[in-house]
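Below, each chain spelled out in residue letters.
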Amino acid sequence: MNRIAATFARLKSEDRAALITFVEAFDPDRATSAALLAGMAARGADIIEIGMPFTDPMADGPTIQQAGRRALSGGATVAGTLGLVREFRTTNDTVPLVLMGYLNPILSYGVARFTADAAGAGVDGLIVVDLPTEETDLMLADVRANGLDLIRLVAPTTSDARLPVVLNDSSGFVYYVSITGITGTRTASAADLARDIPRLRAATTLPIAVGFGVRTPEQAAIVARHADGAVVASALIDRMAAGLDDQGKASAALIATVLDDVAALAAAMRRERVTVLA
Amino acid sequence: MNKPIPNSLRNLPDERGRFGAFGGRFVAETLMPLILELESAYEEAKRDPAFQTEFDYYMKHYVGRPSPLWFAERLTRKLGGAKIYFKRDELNHTGAHKINNCIGQILLARRMGKTRIIAETGAGQHGVATATVAALFGLPCVIYMGAVDVERQQPNVFRMKLLGAEVVPVTSGAATLKDAMNDAMRDWVANVRDTFYIIGTAAGPHPYPAMVRDFQSVIGTEARAQMIEAEGRLPDVAIAAIGGGSNAIGLFHPMLDDAVKLIGVEAAGRGLDSGEHAASLSRGRPGVLHGNRTYLLQDADGQILEAHSISAGLDYPGIGPEHSHLHDIGRVEYVAVTDDEALEAFQLCCATEGIIPALEPAHALAHVAKIAPAMDPSQIILMNLCGRGDKDIFTVAKHLGAQL
């Protein structure tokens, strides 16, 4: 059982949902990302997504766009991001890491080399935003050969007829984009989730995580009531971006503030009993 | 629509939207259902003779087609070689070829029951053409335009506003065309139910490259018939400028199976080795951006580079996927022309033909000026004069050191 499956199995036995946090690699520099990764794991993140910066992140809102730009100025590369993963794994062998990014830097690095190096570094799953099911043959064999999960986005616009197509080669968990839009903008209501999540349950046995617009402990708790995980990204990045100093650096105190947010999210989700069984 | 001919180069894309190794549908799942809906709506429209009839009606009575084929006699004498003809798409309503595609797409949008139009624009030509058709059909329209471009293209910004469009300055990235395209896609994904995205060039996810090509093929279809009428034969060379490549593919596609040498002219900016150009085929390598696999300007880590050209319409780090395919199979020759060469050709066209060309076709003309003298007077070059230069007079004045 890989780290993602093991984590969801453990959480199910604990009757709670996963807190999935997000770090944009090298935003604003490598040291900050390394501190956030280690700190998030220590403060209650069950799974961590690492954003791989790209110049043209089409599915992302202003928060992650700006994070990506800071990261690229901070020296982000694909190899550098994999280096962060290797460093994290020297002290933590349990928290799953999922790389989330766009296809072109992966193509440029080479799909076979990328999947091998990612698995070797200790990555567990990949979310390639602009690789829909129709184009997955470009990566699927290499992803499988290296034992990585390929995690798919499912949107409110994904019809019932299309769900099986999208979920066919998915593994790890399903990332439900709970709103029509870009990351970090709108928020799905409890009623939206009560309507949408059962539709997904009918199509998959994989755990379901909800993202795009989950910002507060209260919202994360609502998500925990309906789904198996909540992804919080833009709210954490906003917290950090607002506190960067004049040189664009993150102080230790600022990193601690972000990690306090992670702890608050984790606490809110632990209070919430999960009643929906996969 | 013509029946496909076996071994024809005109049968692409395949059912996955591929032109050989290029094209495809590289978009997030949030957009995928929209892309598939658009594809099936377009396939249905293509099969409906009423759609073609409607398109033809607007082409004739609103756009002013067919555009003339003009024998550039003084230019021919001046260059002293091949006979040079211009396909005069600069005489279209709104002053460029962009309107052909906008009419086609807005008719499709109406057919699909969409009630809101969005588009990206660089120089503003596609934005103006989109605002024009949105006004014509009374649909609200939002144009995404890089903040840098908004500053340097004020007349077109005002035109769009006069036509009732909302112009949104895009500040992400380098605040130019590719960033405007990113933001238009973000808008689309957030407003999926009512919005139609009119992409301005033969790029983007399938079916856009094929659809834009089909609408722009009116250029090549007309030019082919007009050449035969004027000279009793097809030209030896057909040539067009390339940014995303919609005017070029529109000219080339109807002649892909003919014995016509086809030449696409990219923008070499300050020189192919200056690092400041827009020559995706000459200096880029294949990658994925804006929904399709194609040649891109990118760094060693796969990050997209900014393009540069004196012509804002050519200032794009990618190129339509069909051009990438035609490049790799060697059917079309792709060359590059610098800012300075284009400026010289711009002035040559004004002085010899009494036509102020846009800076985009001035690139094509610069290459014509290179090859025509060495050709035989019995040979023919057909060039797509795809836009007029009114929009460019401020840029040209600045480069020539003139005060307006």
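Remember, predicted model here, so these are calculated numbers, not experimental data.

S.K.: Explain the packing of helix α4 (residues 98-111) of chain B against helix α5 (residues 125-137) of chain B to me, please; I cannot follow it from the model alone.
M.R.: The axes of two packed helices give the description: the angle between them and the distance between them. Residues and elements named next belong to chain B. Across the interface, α4 lies against α5 with an axial gap of 9 Å and an inter-helix angle of 40 degrees. By the angle between their directions, the pair α4 and α5 is classed as oblique. α4 and α5 meet at a crossing whose hand is right-handed. Residues K98, I99, N101, C102, I103, I106, L107 and R110 of α4 form the contact with α5, whose participating residues are Q125, H126, A129, T130, T132, V133, A134, L136 and F137. In the contact of α4 with α5, the residues fall into 10 nonpolar, 5 polar and 2 charged.

S.K.: Please clarify how the interface of chain A and chain B should be interpreted in this entry.
M.R.: Facing the 39 residues of chain A at the interface are 38 residues of chain B. For the pair chain A and chain B, the summed buried surface comes to about 3000 Å²; carbon and sulfur atoms form 50% of the total. It is D56, M58 and E135 of chain A that lose the most area in chain A upon contact with chain B, and together they represent 22% of the buried surface on that side. For the pair chain A and chain B, the interface holds 5 salt bridges. We note a salt bridge from E135 of chain A to R18 of chain B, for which the minimum N-O separation is 2.4 Å. For the pair chain A and chain B, the number of links is 24 residue pairs in polar contact (both at pLDDT 80 or more). For the side of chain A that touches chain B, the secondary structure elements donating two or more residues are α3 (62-73), α5 (103-109) and β6 (152-154) of chain A. Per-element accounting of the side of chain A that touches chain B gives the leading share, 5 residues, to α5 of chain A.

S.K.: Hey, could you run me through the environment of T81 of chain A in this one?
M.R.: Residue and element names in this part refer to chain A. When you line up the elements, T81 lands in helix α4 (residues 78-89). Sequence separation of T81 and G51 is 30 residues, and the distance between their C-alpha atoms is 8.7 Å. Apart from residues no more than four positions distant in its own chain, T81 is found in contact with A25, F26, I50, M52, P53 and L99.

S.K.: For this particular structure, what's the right way to read the domain arrangement of chain B?
M.R.: It is common to report an interface's size as the accessible area lost on association of the parts. All names here are of chain B. We note that the domain assignment places domain 1 (18-61 + 98-208) and domain 2 (66-95 + 217-400) within chain B. For the pairing of domain 1 and domain 2, the buried interface totals around 2800 Å² over both sides, and the portion due to carbon and sulfur atoms is 63%. Together, F19, F22 and K178 form the three largest contributors to the area buried by domain 1 at its contact with domain 2, with a combined 24%. The interface formed by domain 1 and domain 2 contains 1 salt bridge. A salt bridge links K178 to E306; the shortest N-O distance between them is 3.6 Å. Where domain 1 meets domain 2, there are 8 residue pairs in polar contact (both at pLDDT 80 or more). A per-element tally of the side of domain 1 that touches domain 2 places helix α8 (residues 177-190) first, with 6 residues.

S.K.: What is the right way to read the sheet that holds strand β8 (residues 195-197) of chain B from this model?
M.R.: Two modes of strand pairing occur in sheets, parallel and antiparallel, and in both the strands are linked by backbone hydrogen bonds. All names here are of chain B. A sheet is described by the order of its strands in space; here 4 strands give the open sequence β7-β6-β5-β8, paired in parallel fashion. Since the sheet does not close on itself, it has two edges, and those belong to β7 (166-170) and β8, each with one partner. Strand-to-strand, the axes of this sheet are offset by a mean angle of 25 degrees, without reference to chain direction. Here strand β5 (residues 116-121) runs beside β8; their pairing, made up of 3 bridges, is parallel. By the bridge assignment, I118 is partnered in β8 with Y197. The strands touched by α8 are β5, β6 (141-146), β7 and β8; relative to β5, the strand with the most contacts, the crossing angle is about 160 degrees.

S.K.: For this particular structure, what's the right way to read α4 of chain B?
M.R.: Two residues of an α-helix separated by three or four positions point the same way, owing to the 3.6 residues in each turn. Residues and elements named next belong to chain B. For α4, which comprises 14 residues, the first-to-last C-alpha distance of 20 Å matches the rise-based estimate of 20 Å (1.5 Å per residue) to within 8%. Of all 14 residues in α4, 12 are buried, a share of seventy percent or more. In the stretch just after α4, G113 is the one whose phi turns positive, near 75 degrees.

S.K.: How do you make sense of the environment of P205 of chain B when you look at a structure like this?
M.R.: Residues and elements named next belong to chain B. Within the element layout of this structure, P205 appears in the loop between β8 and α9 (208-231). Take P205: its relative accessible area is 1%, and that puts it in the buried class. Separated by 58 residues in sequence, P205 and A147 place their C-alpha atoms 25 Å apart. When near neighbours in sequence (up to four residues on either side) are disregarded, P205 contacts G24, R25, V27, I35, M185, I199, H290 and G291.

S.K.: Honestly, the packing of aromatic side chains in this entry has me stumped. Any pointers?
M.R.: Following the criterion strictly, the structure yields 14 aromatic pairs over all chains and no others. Geometrically, the ring pair formed by W188 of chain B and Y197 of chain B is edge-to-face, given 5.9 Å between the ring centres and 70 degrees between the ring planes. Exposure class is identical for W188 of chain B and Y197 of chain B. Each is buried. Relative to Y208 of chain B, the ring of W188 of chain B lies with its centre 6.2 Å away and its plane at 75 degrees, an arrangement referred to as edge-to-face. Residue W188 of chain B is found in helix α8, and its partner Y208 of chain B is found in helix α9; the two are separated by 20 residues along the sequence. Both residues of the pair, W188 of chain B and Y208 of chain B, belong to the buried class. In textbook terms, an aromatic cluster arises when at least three aromatic residues are bridged by ring pairs, as seen for Y42, F51, F55 and F215 of chain B. It is R113 of chain A that lies over the ring of Y109 of chain A; its NZ or CZ is 3.8 Å from the centre. Directly above the aromatic system of F71 of chain B lies the positively charged group of K83 of chain B, at a separation of 4.9 Å from the ring centroid.

S.K.: What is the right way to read the confidence of the model for chain A from this model?
M.R.: One rule of thumb: low pLDDT means the predicted coordinates there are not for detailed reading. Predicted confidence across chain A gives a mean pLDDT of 94, with 97% of residues reaching 70 or more. Below pLDDT 50 for its whole length, residues 274-278 of chain A participates in 11 contacts with residues either more than four positions away or in separate chains.

S.K.: When you look at the sheet that holds strand β3 (residues 97-101) of chain A in this model, what are you seeing that I'm missing?
M.R.: Residue and element names in this part refer to chain A. With parallel pairing, the 9 strands of this open sheet are ordered in space as β5-β4-β3-β2-β1-β9-β8-β7-β6. Since the sheet does not close on itself, it has two edges, and those belong to β5 (149-150) and β6, each with one partner. Sheet topology places strand β1 (residues 18-24) next to strand β2 (residues 47-51); 5 bridges connect them, and they run parallel. The residue bridging F22 from the neighbouring strand is E49, located in β2.

Cut-offs and rules
- Residues numbered from 1 in each chain as written.
- Chains lettered and ligands numbered in written order.
- Predicted model: local features only at pLDDT ≥ 70, side-chain atom pairs only at ≥ 80, totals over all residues.
- Heavy atoms only, no water.
- Axes fitted to C-alpha atoms, helices over the stretch in contact; angles between N-to-C directions.
- Helix = DSSP H or I, 4+ residues; strand = E, 2+ residues; numbered from the N terminus.
- Parallel < 35°, antiparallel > 145°, perpendicular 65-115°, else oblique.
- Left-handed = near helix turned anticlockwise from the far one by under 90°.
- Contact = heavy atoms within 4.5 Å.
- Nonpolar A, V, L, I, M, F, W, Y, C, P; charged D, E, K, R; others polar.
- Buried area = accessible area lost by both parts, 1.4 Å probe.
- Salt bridge = Lys/Arg side-chain N within 4 Å of Asp/Glu carboxyl O.
- Polar contact = N/O pair within 3.5 Å; in protein donor to acceptor, adjacent residues only side chain to side chain.
- Domains from an automatic or database assignment.
- Pairing = 2+ DSSP bridges.
- Expected span 1.5 Å × (residues − 1).
- Buried < 20%, exposed > 50% of the residue type's maximum accessible area, 1.4 Å probe, protein only.
- Phe/Tyr/Trp six-rings, centres within 6.5 Å; stacked < 30°, edge-to-face > 60°.
- Lys NZ or Arg CZ within 6 Å of the ring centre and 35° of its normal.
- pLDDT = per-residue confidence, 0-100.

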